[in-house]
Amino acid sequence: MSHVANKTLESTYYQDHQIVIQNVSKSFTKDGRKVNVLENINLQVNKGEFVSLLGPSGCGKSTLLKIIGGLLDRSSGQLLINQENVKGPKKNIGFMFQKAVLLPWRTVEENLILPVELAKGNLQAAKKRVSELLELVGLKGYEKYYTKELSGGMQQRISLARTLMNDPDILLLDEPFGALDEFTRETLNFSLMDIAEKSGKTVILVTHNISEAVLMSDRVVVMGINPGHVLDNMEIEIPKPRTDQVMATKQYADYVLHIRELLGVGRT
């Protein structure tokens, strides 16, 4: 095959995927010793896809998410987003962490427009968008509340709304509801799925919760440790939209069981 033909195939391959990760590895130096955190990660994510990075603590899933978001450099390998090499944070990516990190001396509205302020953007347009975003996350009417007046679940809803303020194409979520009680967490999971479906945004979620990953995702990337690597890249072929009734089906149970077996969960 000619060099030109190879280039054409490569270009088509990149166009088919919004995110392309090829042979990405990451290592740190600790006490003069090299520590391999990720080794030869290969992954492609399509536009509008919901993908979960699932695995035990220490498998490097949060590290991989930060690399995708441009918050952390990779040691080797290639990372392309929309066919562009990632060298740092990109405007079209929204990042949400486990803690809401809201400013208690600012109102909900003032917290939401903070990203626009920092980017020296259009504040009037941002203030108009506040009401729309709060309605989206189920908190319309809370514009003038201070964050200390809100529950943990409500604060995470505000954090999600703030992540959406600049209308990013890609949402990177690092266990955003992990610190919440199970009932609140499940409620917010369904809210997130609904937002992802309606907006068509690409979502990558880091989680160590198997049930959550299967319920929410189009695809689950199961990771192992020492160093972090991909054990399986599973398509979840359960029709959408999904309800809590999905969790009572055999298809759902089979996915959960397969992942548990991959991770050695429940072995004696």
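Please read all numbers here as calculations on a predicted model, not as lab measurements.

Enquirer: Kindly report on the sheet that holds strand S6 (residues 93-96), identifying the contributing residues and their values.
Expert: Spatial strand order, S6-S7-S8-S3-S9-S10: six strands in an open sheet with mixed pairing. The sheet terminates laterally at S6 and strand S10 (229-235), the two strands that pair on one side only. For this sheet, the mean angle separating the axes of adjacent strands, direction not counted, is 15°. For S6 and strand S7 (residues 170-174), the ladder comprises four bridges, and the chain directions are parallel. Its bridge partner lying in S7, Met-96 is registered against Leu-173. Docked against the sheet, helix H6 (residues 152-164) engages S6 and S7, running at close to 165° with respect to S6.

Enquirer: Tell me about the packing of aromatic side chains, and please be specific about residues and values.
Expert: Geometrically, a pair of aromatic rings is defined through the distance of the ring centres and the angle of the planes. Across all of its chains, the model carries two aromatic pairs by this definition. For the ring pair Phe-95 and Phe-97, a centre distance of 4.7 Å and an interplane angle of 20° mean the geometry is stacked. On the accessibility criterion, Phe-95 (18% relative accessible area) is buried. Taken together, a centroid distance of 4.6 Å and an interplanar angle of 45° make the contact between Tyr-142 and Tyr-145 tilted. On the basis of relative accessible area, Tyr-142 is assigned to the partly exposed category, the value being 26%. Judged by relative accessible area, Tyr-145 falls into the partly exposed class, the value being 37%.

Cut-offs applied
- Residues numbered from 1 in each chain as written.
- Predicted model: local features only at pLDDT ≥ 70, side-chain atom pairs only at ≥ 80, totals over all residues.
- Heavy atoms only, no water.
- Pairing = 2+ DSSP bridges.
- Helix = DSSP H or I, 4+ residues; strand = E, 2+ residues; numbered from the N terminus.
- Axes fitted to C-alpha atoms, helices over the stretch in contact; angles between N-to-C directions.
- Contact = heavy atoms within 4.5 Å.
- Phe/Tyr/Trp six-rings, centres within 6.5 Å; stacked < 30°, edge-to-face > 60°.
- Buried < 20%, exposed > 50% of the residue type's maximum accessible area, 1.4 Å probe, protein only.

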